[in-house]
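Report on the structure
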Amino acid sequence: MTKIGAQDRCPCLSGDQYASCCGRFHSGGAEAATAEQLMRSRYTAFVLLDRDYLLRTWHPDTAPGNLQLDPEMQWRRLDIAATSGGGPFDTAGTVEFKAHYRHTGERGVLHEASRFVRSDGRWFYVDGDILD
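Residues numbered from 1 in each chain as written. Predicted model: local features only at pLDDT ≥ 70, side-chain atom pairs only at ≥ 80, totals over all residues. Heavy atoms only, no water.

The next thing to look at is the sheet that holds strand 3 (residues 106-119). Judged by pairing direction, the sheet is antiparallel, and its 4 strands sit side by side in the order 1-2-3-4 without closing on themselves. Only two strands of the sheet have a single partner each, and these edge strands are strand 1 (73-85) and strand 4 (122-130). Between one strand axis and the next, the sheet turns through 30° on average, direction left out of account. When strand 1 meets strand 2 (residues 92-103), the two strands line up antiparallel, connected through 11 bridges. Note that in strand 2 the partner of S84 across the bridge is T94. Sitting on the sheet, helix 2 (residues 35-48) is in contact with strand 1, strand 2, strand 3 and strand 4, with an inclination near 170° to strand 1. (Pairing = 2+ DSSP bridges. Helix = DSSP H or I, 4+ residues; strand = E, 2+ residues; numbered from the N terminus. Axes fitted to C-alpha atoms, helices over the stretch in contact; angles between N-to-C directions. Contact = heavy atoms within 4.5 Å.)

Okay, structure coming up:
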């Protein structure tokens, strides 16, 4: 797993330190209050190759039986393009994002509209549509 210090800037580019941003979700010290927070924390989990967190925050109805993460994938930047719902009092939400990466020397962008639901007070990633 890739390491990041508690005082380092969070990879989700919120501007906050990892410990007070996505780190508190990864450690289990807090739950994401919004779909966007969960999206950011999942992006950071991909950066850190934190398979357990990704599976823990994936809705059980759509979660894969096995998740392989590619250590050659270097996630570089996350841009949140839009959100719909997904607030502290909502039960569903969508987050559109662009995740910039480098893989085997090639640059790319994953542009997705991700769907989230809140169940028993916790947000879960359901699925997403890849956008052009």
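Turning next to helix 2. For helix 2, built from 14 residues, the straight-helix expectation of 20 Å at 1.5 Å per residue is met to within 8% by its first-to-last C-alpha distance of 20 Å. Where burial is concerned, most of helix 2 is hidden: 11 out of the 14 residues are buried. Buried within helix 2 we find A35, L38, M39, R40, S41, R42, Y43, T44, A45, V47 and L48. Buried-residue contacts for helix 2 involve helix 1 (22-26), helix 3 (51-56), strand 1, strand 2, strand 3 and strand 4. L49, located one to two residues past helix 2, shows a positive phi value of around 55°. (Expected span 1.5 Å × (residues − 1). Buried < 20%, exposed > 50% of the residue type's maximum accessible area, 1.4 Å probe, protein only.)

Positionally, L78 belongs in strand 1. A relative accessible area of 4% means that L78 is categorised as buried. It is 26 Å that separates the C-alpha atoms of L78 and S119, two residues lying 41 residues apart in sequence. For L78, the contacting residues outside a window of four places in its chain are C12, L13, M39, R40, Y43, F97, K98 and A99.

What follows deals with the packing of aromatic side chains. Aromatic ring pairs are defined here through the distance separating the ring centres and the angle between the ring planes. Counting across every chain of the model gives 5 aromatic pairs. Where Y43 meets W75, the ring centres are 6.3 Å apart and the plane angle is 75°; that geometry is what we call edge-to-face. In this pair, Y43 sits in helix 2 while W75 sits in strand 1, placing the two residues 32 residues apart along the sequence. Take Y43 and W75: they sit in the same class, and that class is buried. Chaining the aromatic ring pairs together yields one cluster made of Y43, F46, W75 and Y101. When the ring centre of W58 is taken as reference, the NZ or CZ atom of R42 above it lies at 4.9 Å. (Phe/Tyr/Trp six-rings, centres within 6.5 Å; stacked < 30°, edge-to-face > 60°. Lys NZ or Arg CZ within 6 Å of the ring centre and 35° of its normal.)

No statement about biological role is implied by the geometric values presented.
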